[in-house]
Amino acid sequence: MADKSNGYLADSFINIPEIKFTKLFINGEFVDAISGKRFETIDPRNGEVIARVAEGDTEDVDLAVKAARQAFDHGPWPRMPGHARGRLMMKFADLVEQHAEEAAALDTMDAGKLYSIGKLLDIPVGAASLRYYAGAADKIHGETLKMSRELHGYTLVEPVGVVGHIIPWNFPTNMFFMKTAPALAAGCTMVVKPAEQTPLSALFYAYLSKLAGIPDGVLNVVTGFGATAGAAIASHMDIDKVSFTGSTEVGRLVMQAAATSNLKHVSLELGGKSPVIVFDDADPDGEVCVAGSRVFVQEGIYDEVVNKLVEKAKNWTVGDPFDPNVKQGPQVDKKQFERVLSYIEQGKRDGASLLFGGKQHGKNGYYIQPTIFIDVEDHMVVAQEEIFGPVMSLMKFKTIEEAIERANSTKYGLAAGIVTKNIDTANTVSRSIRAGVVWINCYFAFDNDCPYGGYKLSGFGRDLGMEALYKYTQTKSVVTPIYNSPWL
Amino acid sequence: MAGRRISSVVSRSLAAYLTSPSSGRTSCIRRGLHKYSTAAAIDEPITPPVEVNYTKLLINGQFVDAASGKTFHTVDPRTGNVIADVAEGDAQDVNRAVAAARKAFDEGPWPKMTAYERSRVLLRFADLVEKHNDALAALETWDNGKPYEQSAKVEVPMFVRLFRYYAGWADKIHGLTVPADGPYHVQTLHEPIGVAGQIIPWNFPLLMFAWKVGPALACGNAVVLKTAEQTPLSALYVANLLHEAGLPPGVLNVISGFGPTAGAAICSHMDVDKLAFTGSTSTGKLVLELAAKSNLKPVTLELGGKSPVIVCEDADVDKAVETAHFALFFNQGQCCCSGSRTFVHERVYDEFVEKAKARAANRSVGDPFKQGIEQGPQIDPEQFNKILRYIKSGVETGATLETGGDRLGSKGYYIQPTVFSNVTDDMLIAQDEIFGPVQSILKYKSTEEVIRRANATSYGLAAGVFTQNLDTANTLARALRVGTVWINCYDTFDAAIPFGGYKMSGIGREKGVYSLRNYLQVKSVVTPLKNPAWL
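Everything numeric here is computed off the predicted structure, so don't read it as measured data.

About the thresholds
- Residues numbered from 1 in each chain as written.
- Chains lettered and ligands numbered in written order.
- Predicted model: local features only at pLDDT ≥ 70, side-chain atom pairs only at ≥ 80, totals over all residues.
- Heavy atoms only, no water.
- Helix = DSSP H or I, 4+ residues; strand = E, 2+ residues; numbered from the N terminus.
- Buried < 20%, exposed > 50% of the residue type's maximum accessible area, 1.4 Å probe, protein only.
- Contact = heavy atoms within 4.5 Å.
- Areas by Shrake-Rupley, 256 points an atom, 1.4 Å probe, with all protein chains shown as cover.
- Lys, Arg positive; Asp, Glu negative; His and termini not counted.
- Charge placed at Lys NZ, Arg CZ, Asp CG, Glu CD.
- Patch = residues over 30% accessible without salt bridge, like charges linked within 9 Å, V, L, I, M, F, W, Y side chains within 5 Å.
- Salt bridge = Lys/Arg side-chain N within 4 Å of Asp/Glu carboxyl O.
- Pairing = 2+ DSSP bridges.
- pLDDT = per-residue confidence, 0-100.
- Buried area = accessible area lost by both parts, 1.4 Å probe.
- Polar contact = N/O pair within 3.5 Å; in protein donor to acceptor, adjacent residues only side chain to side chain.
- Nonpolar A, V, L, I, M, F, W, Y, C, P; charged D, E, K, R; others polar.
- Expected span 1.5 Å × (residues − 1).
- Phe/Tyr/Trp six-rings, centres within 6.5 Å; stacked < 30°, edge-to-face > 60°.
- Lys NZ or Arg CZ within 6 Å of the ring centre and 35° of its normal.
- UniProt positions renumbered as here; feature names shortened; annotations may be inferred.

Moving on: the overall build of chain B. Scanning chain B from N- to C-terminus turns up 18 helices and 20 strands. Projected onto its principal axes, the C-alpha coordinates of chain B cover approximately 75 × 55 × 45 Å. Evaluated residue by residue, chain B yields a buried proportion of 62% over its 535 residues. Here the analysis covers contacts within chain B between residues at least 6 apart in sequence; of these, 74% occur between residues at least 24 apart. Accessible surface, chain B as shown: approximately 19,600 Å² in total, 52% of it carbon and sulfur. Across chain B, the mean location of the 55 positive side-chain charges is 3 Å away from that of the 54 negative side-chain charges.

What follows covers a nonpolar patch on the surface. Together, A:Ile117, A:Leu120, A:Leu121 and A:Val125 make up an exposed nonpolar region whose accessible area comes to about 360 Å². Mapped onto the elements of the fold, A:Ile117 is located in helix α4 (residues 115-134).

Residue and element names in this part refer to chain A. Side-chain alternation along strand β14 (residues 371-374) places Thr371 and Phe373 on one buried face and Ile372 and Ile374 on a second face that is also buried. As defined by bridge partners, strand β13 (residues 353-356) adjoins β14 across 3 bridges and the pair is classed as antiparallel. Bridging from a neighbouring strand, leucine 354 pairs with phenylalanine 373 of β14. Relative to strand β15 (residues 391-397), β14 runs parallel, the two sharing 3 bridges.

A few words now on the confidence of the model for chain A. The predicted model of chain A has a mean per-residue pLDDT of 94, with 96% of residues at 70 or higher. Ignoring residues within four places in sequence, the model shows residues 1-8 of chain A, a span with pLDDT below 50, making 18 contacts including any to other chains.

What follows concerns the pattern of salt bridges. In a structure, side chains of opposite charge can pair up when their charged atoms sit close to one another. Residue and element names in this part refer to chain B. Applying the stated rule across the entire model yields 56 salt bridges over all chains. With a shortest N-O distance of 2.8 Å, glutamate 130 and arginine 164 are connected by a salt bridge. Placement of the pair is glutamate 130 in helix α6 (residues 115-131) and arginine 164 in helix α8 (residues 148-170), with a sequence separation of 34 residues. Since its relative accessible area comes to 41%, glutamate 130 is described here as partly exposed. The salt bridge partner of lysine 357 is glutamate 402, with a shortest N-O separation of 3.9 Å.

Further remarks concern the interface of chain B and chain A. Across the boundary between the two partners, chain B contributes 32 residues, which contact 33 residues of chain A. The junction of chain B with chain A conceals about 2,800 Å² of combined surface from both sides, 51% of it contributed by carbon and sulfur atoms. The shortest N-O distance in the salt bridge between B:Arg161 and A:Asp138 comes to 2.6 Å. Inspection of the chain B/chain A interface yields 12 residue pairs in polar contact (both at pLDDT 80 or more). Taken together, the elements giving at least two residues each to the side of chain B that touches chain A come down to α6, α8, β6 (184-192), α18 (470-479) and β20 (520-528) of chain B. With 6 residues, α18(B) is the largest single contributor of residues to the side of chain B that touches chain A. When its residues are assigned to classes, the side of chain B that touches chain A shows 14 nonpolar, 7 polar and 11 charged.

In this section: the environment of A:Leu341. Residues and elements named next belong to chain A. For leucine 341, the position within the fold is in helix α10 (residues 334-350). Separated by 89 residues in sequence, leucine 341 and arginine 252 have C-alpha atoms that sit 26 Å apart. Discounting chain neighbours no more than four positions away, the residues touching leucine 341 are Gly358, Lys359, Gln360 and Ile368.

This paragraph deals with α10(A). All names here are of chain A. Here α10 spans 24 Å end to end across 17 residues, near enough to the 24 Å set by a 1.5 Å rise per residue. Where the residues of α10 are buried, they touch β14, α11 (381-384) and β15. Following α10 by one or two positions, glycine 351 adopts a phi angle in the positive range, close to 105 degrees.

In total, this model carries 43 aromatic pairs over all chains according to the counting rule given. Pairwise contacts between aromatic rings join A:Phe21, A:Phe25, A:Phe30, A:Phe92, A:Phe176, A:Phe177, A:Phe204, A:Tyr205 and A:Tyr207 into one cluster. Taking NZ or CZ as reference, A:Lys139 lies 4.1 Å from the ring centre of B:Tyr165, over its face. Directly above the aromatic system of A:Tyr132 lies the positively charged group of B:Lys172, at a separation of 3.9 Å from the ring centroid.

Moving on to the UniProt feature "active site" (unreviewed entry) in chain B. All names here are of chain B. Taking the UniProt record as the reference, the feature "active site" (unreviewed entry) is found at Glu302. By secondary structure assignment, the location of glutamate 302 is in strand β11 (residues 299-302). Filtering out sequence-adjacent residues up to four positions away, glutamate 302 remains in contact with Phe277, Thr278, Gly279, Leu461, Phe499, Gly500, Gly501, Ser505, Gly508, Arg509 and Glu510.

Take a look at the structure:
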């Protein structure tokens, strides 16, 4: 019987798939890196090596871009009607759904994602993202215009060209599809660089894309490191657009590289320190509170909320993500693990009170106890910096104006949660928070039709929704004179 | 030759199917040898490779007899023989259907399921229809008379395409948030309108089903559909597949029957929220009247036309001849938008007439189940006799009969491809919608003149323009008072291209994003804001 406390579950519980795809996927083929180098990807449940994966560098990115450029400039993909692209994307979606278990297992091993959630939610939502954009591919409209001269004008919304996607490790599957699906629908070709911590599912999806019939060169995957492969993408002279999701620090580098190279379009989805604001009239039993890292609780309800949160934390089972009863898996790697623990120490040093957790969970792997700090002051590091771990900071507030001001005093602006039943509070606060997504009485309420992205140092550009399509297009205005038009 | 020309000017989908190398049909059309004699066309109608399994009304997910027990015949236009007895719906059946639709909308799962789930149902349906392509095409040809190749290679696939198109809209129906002049939060919600009554014609039974039912369902509505009495069969077949795909009962109800009874009952029903009709202008007027007199339900109408095809002096004449031919003769001349007034510039007139005459003389007419046939029979005796009367009128008013002019054979409703030249605007054949294989060629001198004459009609459905000149194209496109202008092409009907009429050719647009608004209501929701950070 498995001993959950050390974070490692016997393989017989789940059919752990064989790792089949560990090479770069360029122009429809799996190939070694030119240098022959490989890097290790680690299982965060136990720190062991899962597989050795081809390590792409500048030359490999170059090959991938060449393939993507050829596919865009001369290949069938942008020349197919949107409907035809949509059909292939639908096939791709069906394949993803059919292979949900295998894909979910890869993410669980590689990223510590909860397996049951992956199988039932993450992977099907990924397939749904493909379907959403498959259905949008034949619906990208420009406009005919109202010119104030004898001119006929219209806009054509054209694919931007070759896109570089640099995606993070926290949602390997959903990030993959959120980025590639709208770009595919728009008729672009692309080079995807998955995070070095989580290369496996991306390579698997590359394989499925080929099975689906997506032409060679349209979707390329170069696994490797940010400083090499990622930088190569950001500074490539023949990439038309880079979309990056990751830390603010690296986001800056990407944007700088884009500027100094060829002024490629940039979209950034970066860090956050999203506030959850719980008002006195909130339903204290709501699930919402659990999700935030910076939780402002109005004084009237403060004690009740704190107690409920501690109860929840006690039942928040940490363990092997393959176990369906577990609510929290390991952090993605040693670096993140150590980083989170050091933030916890910082919090204690700065004088926040540790109410719950605060230590490693178990002895092996990168598991951390759900951690709650109270008596946190806004200036403290744990209230300002993105921790990216299971550490909640609770703060008390009095008035709605105070909550708004404190919620906004952050360089970030990704999301916010508002917990209230009052219509005016909901409307006022949602308009006042400087964040790209506001969730009222819910959290992480993602939907393929709902644009998602940040304000301020959380980045710019939106993923999901029809808006995401326009990240991968360029607008061309076409104008010609007209004569004797009966109307203008 | 004809097949290749068609491919160069009409929509890609049409081209791909008609010139598919695997069929060998291209060569038959190319040779153009077929002018079937009386005997060959009629004597041995091919037995259609399909059975008729669905002949009852579809109400609340069940196939049921009409309340009256009555049935009517649906007829094979190749012979006049009965194909099947079909349940004849009347007001009582319409009432039951509307009640079922109302319940399905107000209480049932359809509007309450997520848009994504609705799209999955529609996509499953599309996949099922695709599997049944050939049987459905055979049924369509049997009931309507259009060439089987047209049904199997173009229309059923286009039906599938349309449902996939609409499925892709289901989860993308957006309203707006709107700037107010003061501190208000304003949203517009685009809600399903409710129960849609839809009345479709006999010329494209399956495609008209898709144009109507597709957007209505994608927007989350319930539907009561009345098919044309001439062509009730294919709708029942696909409606069954739609239920197999998971459509909840009551969401789509299909009533076979007649206009003055079942049709009028839908138009006048106090519990139908929206009406959509495709058919003749004269019936369209009745439909609008009944809607107004009952509960003011909003109405969209797709009606008749007398669409001009304008062949300019710089046109590629051979291409223009072929496309103008297709524009008129396609579907036995039975298209609302058929190019039924062919204006040819005097400089190319003689050449055009010669070539148009030859092309029509080569048009192969016969059993639509026979390979290589371009034209089947007209739909029924009423249409058949009406067309012959118009031909007679053409002759009597002095138009030159270049070719054709009579029926073909002694059984069924076949008419020879007919071309009139030297037609003038005052002739009946230049004014009335004939809805048959009768091309009228008129001469013109100048652009201003042809604009004036092309617009001198109470119709305004479509127009074709043949020119290589950018300015001529732009000028004519803007000047023609019609809902669709096809430049150097005709009958390009892709899913996203909106279609509909100006003037008495109709109200509203179908297909494309525009079709959605026919099946949505806009609700503004307004809330005051306290201390908004911006306005």
